[in-house]
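The chain contents come next:
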Amino acid sequence: MNRSLLIRNALVVATMDDQEREIAHGAVLIRGNRVEAVGPTDALPDSADTIIDASGCVVVPGLINTHHHMYQTLTRAVPGAQDCDLFDWLRRLYPIWSGLTPEMIRVSTHTAMAELILSGCTTASDHLYIYPEACRLDDSIEAAAEIGMRFHACRGSMSVGESKGGLPPDRVVEDEAAILRDSQRLIETWHDAADGAMLRIALAPCSPFSVSQDLMRESAAMARHYGVGLHTHLAETVGDVAYSRERFGRTPAQYAEDLGWTGEGVWHAHCVCLDDHGIELFARTRTGVAHCPSSNMRLGSGIAPIRKMIDAGVPVSLGVDGSASNDAGHLLLEARMALLLARVRRSDDGSGDGSGNPAALSARQALRIATRGGAAALGRQDIGSLAPGKCADIAIFDVSGLAHAGALHDPLAALLFAAPAGVKHCIINGREVVRDGVLLTVDVPRLTETHNGLARTLVQGHP
């Protein structure tokens, strides 16, 4: 028998549904792993197997992170990489990452997911593209199942090393035939195409400067054969664009189009330098973008034109990106950064005086990117909103304390305008994973201690 869970008495339930309903004194009834009803507290049943009193809280759909490199939690704030642009940052860290072990992958996945869940994130995509020391994507997949997070595991890859004109050292790239064999194995072993799936696989050759055009084409063909997603980095920096033009004679968007990398279920990270043709192409084909504002600021990459993308109809989502280029995994904070950075960007036509536009992105639009936008980018209809039949992924934020004092004129907007909060409660697939601010599925102090030890081993073992 499916157990019931009732969330009641919320200041507001922001459904992010098609009607964009915000329900004051709201409630959500869950049965099993699905939402059964959403409405005012006095209109829903007053009993359930489990009841969560959300007084003083804002209830939103679980946030969705569409771009991450979870292993990078081991190399946050590494000296020598703190003040680099993208390419120099990668050159500094590739040799360190070549020392990764399966244990490091598992523990860093737990750490990254714990941080995400405590920020209200219930679904995460991770892009693992380096596989030394017998590391496999399976290590991340198994860790995700243990912590209880909904997971899109991206089989990343690098195949073009320095000797062939690529950026990564030759010792961290793989043979392309082996990459494709492992991609097929992972899809056939792990991918779940069912509605409500907790695990899906995507194919994710790393970037134009680290894989061949053949691997991009063959990965796209395999993904379409099996019905899985496609993900890569694209147009992240001016240097990235210059590399594509020089090596391929194409802009990044033209490169993606030529190789079959557009369409639903395809999403590209960053797109800071996506041009007007690329925006029109992505909108027309429903190709997604993972906007990573903190990482783009950290590496000095620029500001993605997400207002123009949204207006054109591009499915824009949020990613915290690697925890060595952010260096945080707080998705609500990332939504706040998206809100603020959009207001700093010059006018969309490039002719503005740099004074910014306070109306460029609202708090509600930023939250929609973090929920509905993430679902759209990942090609999912079952997450991202609170409505009957949707997956029961829910984040509950307490706004009754000091950080939100004086901000309750609009408690939903307060989530972004005031200091970002951690969740009080979090439900994933109908299961409580955070209760009263405590993550229930891992021992966080022990995890932190283990993680710090492995981080020391990794970084100190390399120059």
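Residues numbered from 1 in each chain as written. Predicted model: local features only at pLDDT ≥ 70, side-chain atom pairs only at ≥ 80, totals over all residues. Heavy atoms only, no water.

### A few points about the nonpolar core
The test is simple: Buried Ala, Val, Leu, Ile, Met, Phe, Trp, Tyr and Cys residues that are joined via side-chain atoms within 4.5 Å together make up what is termed a nonpolar core. Only protein chains enter the accessibility calculation, which uses a 1.4 Å probe. A residue is then buried if its area is under 20% of the maximum for its type, exposed if over 50%, and partly exposed in between. Throughout, a contact is declared for two residues whenever any of their heavy atoms are within 4.5 Å.
Within the largest apolar cluster, 122 residues are counted, with the highest numbers of intra-cluster contacts made by W89, W97, L100 and M309. Setting aside chain neighbours within four positions, we find M309 in contact with C271, L274, I279, V289, A304, V314 and V316. Of all hydrophobic cores here, the second largest spans 18 residues; its members include I7, A10, V35 and V59.

### A closer look at the pattern of salt bridges
This is how the line gets drawn: For salt bridges, the criterion is a side-chain nitrogen of Lys or Arg within 4 Å of an Asp or Glu carboxyl oxygen. Per the convention used, a helix needs a DSSP run of H or I reaching at least four residues, while a strand needs a run of E reaching at least two, with both numbered from the N terminus.
Following the criterion strictly, the structure yields 24 salt bridges and no others. For R185, the salt bridge identified is with D182, shortest N-O distance 2.8 Å. Of this pair, R185 and D182 both sit in helix α4 (residues 176-190), 3 residues apart, which is roughly one turn of that helix. Assessed through its relative accessible area of 15%, D182 is described here as buried. Between D276 and K308 there is a salt bridge; the shortest N-O distance is 3.2 Å. Taken together, the residues span a long stretch of sequence, with D276 in helix α8 (residues 276-285) and K308 in helix α10 (residues 306-312) at a distance of 32 residues. Classification of D276 by relative accessible area gives exposed; the value is 52%. Judged by relative accessible area, K308 falls into the partly exposed class, the value being 24%.

### A short note on helix α14 (residues 444-460)
Under the convention used in this document: Expected helix span is given by 1.5 Å per residue-to-residue step, counting one fewer step than there are residues. Throughout, the arc means the angular range of directions from the helix axis out to the C-beta atoms.
Taking 1.5 Å per residue, 17 residues should reach 24 Å; α14 reaches 24 Å between its end C-alpha atoms and fits that length. Among the residues of α14, L447, H451, L454, A455 and L458 are the ones counted as buried. All buried residues of α14 fall inside an arc of 110° around its axis, so they share one side. Of the exposed residues in α14, those oriented more than 90 degrees away from the buried face are P445, R446, E449, T457 and Q460.

### Quick notes on helix α1 (residues 86-97)
A turn of α-helix holds 3.6 residues, and therefore any two residues three or four places apart point the same way. The terminal C-alpha atoms of α1, which comprises 12 residues, lie 16 Å apart, in line with the 16 Å expected from a rise of 1.5 Å per residue. The buried fraction of α1 amounts to 9 of the 12 residues, a majority that puts the element mostly inside the structure. Elements in contact with the buried residues of α1: α6 (238-248), α9 (293-298) and α14.

### A word on the side chain of S4
With respect to the helices and strands, S4 occurs in strand β1 (residues 4-14). S4 sits in the buried class, given a relative accessible area of 8%. If sequence neighbours within four positions are ignored, S4 has contacts with L29, I30, R31, A48, D49 and T50.

### Description of the packing of aromatic side chains
Defined as follows: Centres within 6.5 Å make a pair out of two Phe, Tyr or Trp rings, where for Trp the six-membered ring is used; the pair is then stacked when the planes are under 30 degrees apart, edge-to-face when over 60, and tilted otherwise. For a Lys NZ or an Arg CZ to count as sitting over a ring, it must be within 6 Å of the ring centre and within 35 degrees of the ring normal.
Scanning all chains against the criterion turns up 8 aromatic pairs. Three or more aromatic residues joined by ring pairs make a cluster, and in this case those are Y71, W89, Y94, W97 and Y129. For the cation-ring pair, R155 lies above Y131, with the distance from its terminal atom to the ring centre recorded as 4.2 Å.

### Topic: the packing of helix α2 (residues 102-118) against α14
Two quantities define a packed helix pair, namely the angle between the helix axes and the distance between the axes. Rules: Axis lines are fitted through C-alpha atoms, for helices just across the contact stretch, and the angle between N-to-C directions can take any value from 0 to 180 degrees. Orientation is classified from the angle alone, with under 35 degrees giving roughly parallel, over 145 giving roughly antiparallel, 65 to 115 giving roughly perpendicular, and any other angle giving oblique. Each crossing is labelled by how the near helix is turned from the far one, with a counterclockwise turn of less than a right angle marking it left-handed and a clockwise turn marking it right-handed. The residue classification treats Ala, Val, Leu, Ile, Met, Phe, Trp, Tyr, Cys and Pro as nonpolar and Asp, Glu, Lys and Arg as charged. All others, Gly included, are polar.
Orientation of α2 relative to α14, taken along the N-to-C sense of each, is 130°, at an axis distance of 10 Å. Put simply, α2 runs oblique to α14. Between α2 and α14 the crossing geometry is left-handed. Within the contact between the two elements, α2 uses E103, M104, V107, S108, H110, T111 and A114 and α14 uses L447, T450, H451, L454, T457 and L458. Each residue belonging to the contact of α2 with α14 can be placed in one class, and the counts come to 6 nonpolar, 6 polar and 1 charged.

### Quick notes on the environment of G26
Structurally, G26 can be placed in strand β2 (residues 22-31). Residues G26 and A81, spaced 55 residues apart in sequence, show a C-alpha to C-alpha distance of 46 Å.

### Regarding the pairing of strand β16 (residues 431-435)
For the record, the criterion: A pair of strands is labelled paired if DSSP reports no fewer than 2 bridges between them.
Looking at chain direction, strand β15 (residues 425-428) and β16 are connected through 3 bridges and run antiparallel. Directly across from C426, in β16, lies its bridge partner V434. Here β15 hands over to β16 after 2 residues, with N429 in that stretch at a positive phi of 55°. The pairing of β16 with strand β17 (residues 438-439) spans 2 bridges and is antiparallel. What sits directly across from R435, in β17, is V438. Remark: 2 residues form the turn of the hairpin made by β16 and β17, two consecutive strands paired antiparallel; D436 in that turn has positive phi of roughly 50°.

### Let's talk about the packing of α2 against helix α3 (residues 137-147)
Relative orientation of the contacting elements α2 and α3 amounts to 40°, with a least axis distance of 8 Å. On the basis of the axis angle, α2 is oblique to α3. In the crossing of α2 with α3, the sense of the turn from one axis to the other is right-handed. Judged by residue contacts, P102, I105, R106, T109, H110, M113, A114 and I117 of α2 engage D139, S140, A143, A144, E146 and I147 from α3. Residue composition of the contact of α2 with α3, grouped by class: 8 nonpolar, 3 polar and 3 charged.

### Quick look at unusual backbone geometry
Following N326, the chain continues into D327 via a peptide bond in cis, with omega recorded as 5°. Here D327 lies in the loop between β13 (316-318) and α11 (331-344). With a phi angle near 55°, E20 is a residue other than glycine that sits in the positive phi range. Within the secondary structure layout, E20 lies in the loop between β1 and β2. Judged by relative accessible area, which is 52%, E20 ranks as exposed. Look at D436: it is not a glycine, yet its phi comes out positive at around 50°. By the secondary structure assignment, D436 is in the loop between β16 and β17. Taking relative accessible area as the criterion, D436 reaches 52% and is therefore assigned exposed.

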